[in-house]
Amino acid sequence: KEVFLMAKHLKDSLSAAASAGRSYFMTVARLDGEFGLGSGSFGAISGGLFGLTKTLSREWQSVYCRALDLLPHIEPEKVAQYIIAELQDPNRLITEVAYGLRGRITLVGENE
C-alpha cells in the first residue's frame with residue numbers, strides 16, 4: 001500500500017532527475033506472468049500497481065514508467081535480468097510487460 005502513498009511524494013524528485021537524464025518508476029508484481037488474466041485470484045493492491053503505473057506514465061511524461069508482472073516461480077537471477085532489460089528498453093510507449101510461460105508479452109489494442 002505504501003507505494004501508492006510514496007508515489008505522490010516522488011513526483012518532484014523523479015521529474016527533476018528526468019531533466020538531467022533518465023528517471024524511472026517501476027512496479028513489479030508476481031501475479032501469473034499474464035497480467036492476472038491466467039489462473040488464480042489476486043489482491044486489489046497487486047493488480048492496482050498496473051493502474052498506478054499507467055496513470056503515472058500519463059501524468060509524469062518525462063519519467064520512464066513500467067509495470068512488470070512476473071510468474072511467481074521464476075528464479076531470482078532471471079527476475080533481475082528481466083528487470084534490468086525493462087529498465088533499458090527504449091520503447092516508452094509500452095507501460096505493461098509480463099514474463100511467464102510464453103516469455104515476454106505486452107498488451108496490444110486492436111481496432112475492430
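Conventions adopted
- Residues numbered from 1 in each chain as written.
- Predicted model: local features only at pLDDT ≥ 70, side-chain atom pairs only at ≥ 80, totals over all residues.
- Heavy atoms only, no water.
- pLDDT = per-residue confidence, 0-100.
- Helix = DSSP H or I, 4+ residues; strand = E, 2+ residues; numbered from the N terminus.
- Buried < 20%, exposed > 50% of the residue type's maximum accessible area, 1.4 Å probe, protein only.
- Right-handed = clockwise from strand over helix to strand, strands pointing away.
- Pairing = 2+ DSSP bridges.
- Axes fitted to C-alpha atoms, helices over the stretch in contact; angles between N-to-C directions.

Q: What exactly am I supposed to notice about the confidence of the model for the protein chain here?
A: Note that predicted coordinates carrying low pLDDT should not be read in detail. With 96% of its residues at a pLDDT of 70 or more, the protein chain shows a mean pLDDT of 88. Across the protein chain, helix H3 (residues 76-88) holds the top mean pLDDT of 96, while helix H2 (residues 44-59) sits lowest at 85.

Q: Whenever I open this one, the pairing of strand E3 (residues 96-100) confuses me. Can you help?
A: Every regular strand shows the same layout, with side chains that alternate between the two sheet faces. Most of E3 is tucked away, with four of its five residues classed as buried. For the segment spanning strand E2 (residues 64-70), H3 and E3, crossover handedness is left-handed. One ladder, built from four bridges, connects E3 with strand E4 (residues 103-106); its direction is antiparallel. In the sheet register, Val 97 faces E4, and the bridge partner there is Thr 106. Where E3 folds back onto E4 in an antiparallel hairpin, the turn is made up of two residues.

Q: Any chance you could explain the sheet that holds strand E1 (residues 24-29) here in plain terms?
A: The strands making up a sheet associate through hydrogen bonds between their backbones, and the pairing can be parallel or antiparallel. Ordered by their spatial adjacency, four strands build an open sheet running E1-E2-E3-E4, and the pairing between neighbours is mixed. Every other strand in the sheet has two partners, leaving E1 and E4 as the edge strands with one partner each. Taken over all neighbouring pairs, the strand axes of this sheet differ in orientation by 20° on average, direction set aside. Where E2 meets E3, four bridges bridge the pair, whose relative direction is parallel.

Q: I tried to follow the environment of Gly 48 on my own but got confused; where do I start?
A: The topology assignment puts Gly 48 in helix H2. Overall, Gly 48 belongs to the partly exposed group, its relative accessible area being 23%.

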